[in-house]
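Reading the structure
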Amino acid sequence: MNDLTAPGLATVADIPFYQPVGNECELFEHAYRNKLPLLIKGPTGCGKTRFVAHMAARLARPLITVACHDDLTAADLVGRHLIGDGQTVWSDGPLTRAVRQGGICYLDEIVEARKDTTVVLHPLTDDRRILPIERTGEELHAPGEFMLVVSYNPGYQNLLKSLKPSTRQRFVAINFDFPPAALEQKIVIAETGIEAMRATQLVTLAGHFRQLKDHDLEEAVSTRLLVYAASLMRSGCDPVDACEAALVEPLTDDADTAAALLEVIKATFGK
């Protein structure tokens, strides 16, 4: 659940690749300098998590990532008492560790967490910047280096899974989407080393598939899946087989839809 990156001076080699689309890197840095919590909205696989990892490394701050889910409790974030060797010992949760270390805590898909869990974030996301730990009586004051970042996919929002207005309005927000075709081709090439022609074909194919979202497909083809397909092709996998495995099967279980998508793939790669 947690991904911890040690602090220190970041070099270019240490910074995960990220292709900026607009001014999102500058906005992140401004939010960090002003001690503001950040909300990132965007579809699955559009680069939200990579962006946060890139910025944490760029700012040379430790990064702790939590994948939120229905069973995530406040204790999972803050910490709990554990019994071991005949004694009870307090164990910090990921949010508490990030506050103590002055790191960046990234809560991925925050709407998946229970609403009563997200309330624990409120004292950290206003001018108090504190984390009360009720079970130990501590009240941690977040250092200036601490930053809270959360993300979610608006396409999954419904009445049961949405951020409360009282929570949303505690964050500054950046809206993500899939990058323009030319930039997406650069990303696929940079991530996999695939030749430009194949990258162009994949991005063009993604454009066709994305037009089917909310019609034949519930979810659009992500940049992540394009990278997966390109990786398979780069290692010698047949392009049609690679796209079927990376772009068709993960997106649909409907046989007719899968067959139609496969025909588009064959036409794209001349088979």
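Throughout what follows, the structure given in this document is the object of discussion. What you see is a predicted model, and the numbers here were worked out from it, not measured in a lab.

**Here we look at the overall build of the chain**
Within the chain, the regular secondary structure consists of 11 helices and 9 strands. On the principal axes, the C-alpha backbone points of the chain span a range of 65 × 40 × 40 Å. Sequence separation of 24 or more characterises 73% of the internal contacts of the chain that already satisfy a separation of 6 or more. Accessible area for the chain stands at about 13400 Å²; split by element, carbon and sulfur atoms hold 52% of it. Positive and negative charge centroids in the chain, built from 27 and 36 side chains respectively, lie 6 Å apart.

**Re the side chain of Thr-192**
By the secondary structure assignment, Thr-192 is in helix H7 (residues 181-192). At 2.7 Å, the side chain of Thr-192 forms a polar contact with the backbone oxygen of Val-188.

**Some thoughts on the packing of aromatic side chains**
Tallied over the full model, the rule gives 3 aromatic pairs. With 5.2 Å between their ring centres and 50 degrees between their planes, Tyr-18 and Phe-51 make a pair best called tilted. Placement of the pair is Tyr-18 in the segment before helix H1 (24-33) and Phe-51 in helix H2 (residues 48-58), with a sequence separation of 33 residues. A relative accessible area of 0% means that Phe-51 is categorised as buried. With centroids separated by 5.5 Å and ring planes inclined at 90 degrees, the aromatic side chains of Phe-28 and Phe-51 adopt a geometry described as edge-to-face. Of this pair, Phe-28 sits in helix H1 while Phe-51 is found in helix H2, placing the two residues 23 residues apart along the sequence. Taken as a pair, Phe-28 and Phe-51 share a single burial class, namely buried.

**A closer look at helix H11 (residues 255-268)**
Every α-helix carries 3.6 residues per turn, so stepping three or four residues along brings you back to the same face. An ideal rise of 1.5 Å per residue puts 20 Å on 14 residues; H11 measures up with 20 Å between its terminal C-alpha atoms. Against the buried residues of H11 lie helix H8 (196-210) and helix H10 (239-248). For H11, the N-terminal cap is Asp-254; the gap from its side-chain oxygen to the backbone nitrogen of Asp-256 is 3.2 Å. Where H11 terminates, the next one or two residues include Gly-270, which has phi positive at roughly 70 degrees.

**Some words on the nonpolar core**
Residues Leu-95, Leu-107, Ile-110, Leu-131, Phe-146 and Leu-148 are the most contacted members of the largest nonpolar core, which totals 29 residues. What Leu-95 contacts, discounting residues up to four positions off in sequence, is Leu-77, Cys-105, Leu-121, Leu-124, Leu-131, Phe-146 and Leu-148. Listed in part, the 27 residues of the second largest apolar core include Leu-205, Ala-230, Cys-243 and Phe-269.

**Some words on the layout of surface pockets**
The space that makes up the largest pocket amounts to roughly 590 Å³. Lining the largest pocket are 27 residues, and of these Gly-45, Cys-46, Gly-47, Lys-48 and Arg-50 lie nearest its centre. When its residues are assigned to classes, the lining of the largest pocket shows 10 nonpolar, 9 polar and 8 charged.

**Things to note about the sheet that holds strand S2 (residues 63-67)**
Taken in spatial order, the 5 strands make up an open sheet running S2-S5-S8-S1-S9, and their pairing is parallel. Both edges of this open sheet fall to S2 and strand S9 (172-175), since each of them pairs with a single strand only. Strand-to-strand twist of the sheet, defined as the mean angle between neighbouring strand axes without regard to direction, takes the value 20 degrees. Bridge count for strand S1 (residues 38-41) against S9 is 4 bridges, and the pairing is parallel. Bridge pairing links Leu-38 to Val-172 in S9.

**Overview of the state of the cysteines**
The bond known as a disulfide is covalent and runs between the sulfur atoms of two cysteines. The final tally for this structure, using the stated rule, is 0 disulfides. Here Cys-46 stays unpaired: no disulfide links it, and the sulfur of Cys-25, its closest cysteine neighbor, is 14 Å away. Given a relative accessible area of 9%, Cys-46 falls into the buried group.

So, how was this worked out
Residues numbered from 1 in each chain as written. Predicted model: local features only at pLDDT ≥ 70, side-chain atom pairs only at ≥ 80, totals over all residues. Heavy atoms only, no water. Helix = DSSP H or I, 4+ residues; strand = E, 2+ residues; numbered from the N terminus. Contact = heavy atoms within 4.5 Å. Areas by Shrake-Rupley, 256 points an atom, 1.4 Å probe, with all protein chains shown as cover. Lys, Arg positive; Asp, Glu negative; His and termini not counted. Charge placed at Lys NZ, Arg CZ, Asp CG, Glu CD. Polar contact = N/O pair within 3.5 Å; in protein donor to acceptor, adjacent residues only side chain to side chain. Phe/Tyr/Trp six-rings, centres within 6.5 Å; stacked < 30°, edge-to-face > 60°. Buried < 20%, exposed > 50% of the residue type's maximum accessible area, 1.4 Å probe, protein only. Expected span 1.5 Å × (residues − 1). Core = buried A, V, L, I, M, F, W, Y, C linked by side-chain atoms within 4.5 Å. 1 Å grid on protein atoms, 1.4 Å probe; cavity = no way out; pocket = protein on both sides within 12 Å on 5 of 7 lines; lining within 4 Å. Points joined across faces, edges and corners; volume = space filled by probe spheres on them. Nonpolar A, V, L, I, M, F, W, Y, C, P; charged D, E, K, R; others polar. Pairing = 2+ DSSP bridges. Axes fitted to C-alpha atoms, helices over the stretch in contact; angles between N-to-C directions. Disulfide = S-S within 2.5 Å.

All we've got here are geometric facts, nothing functional implied.
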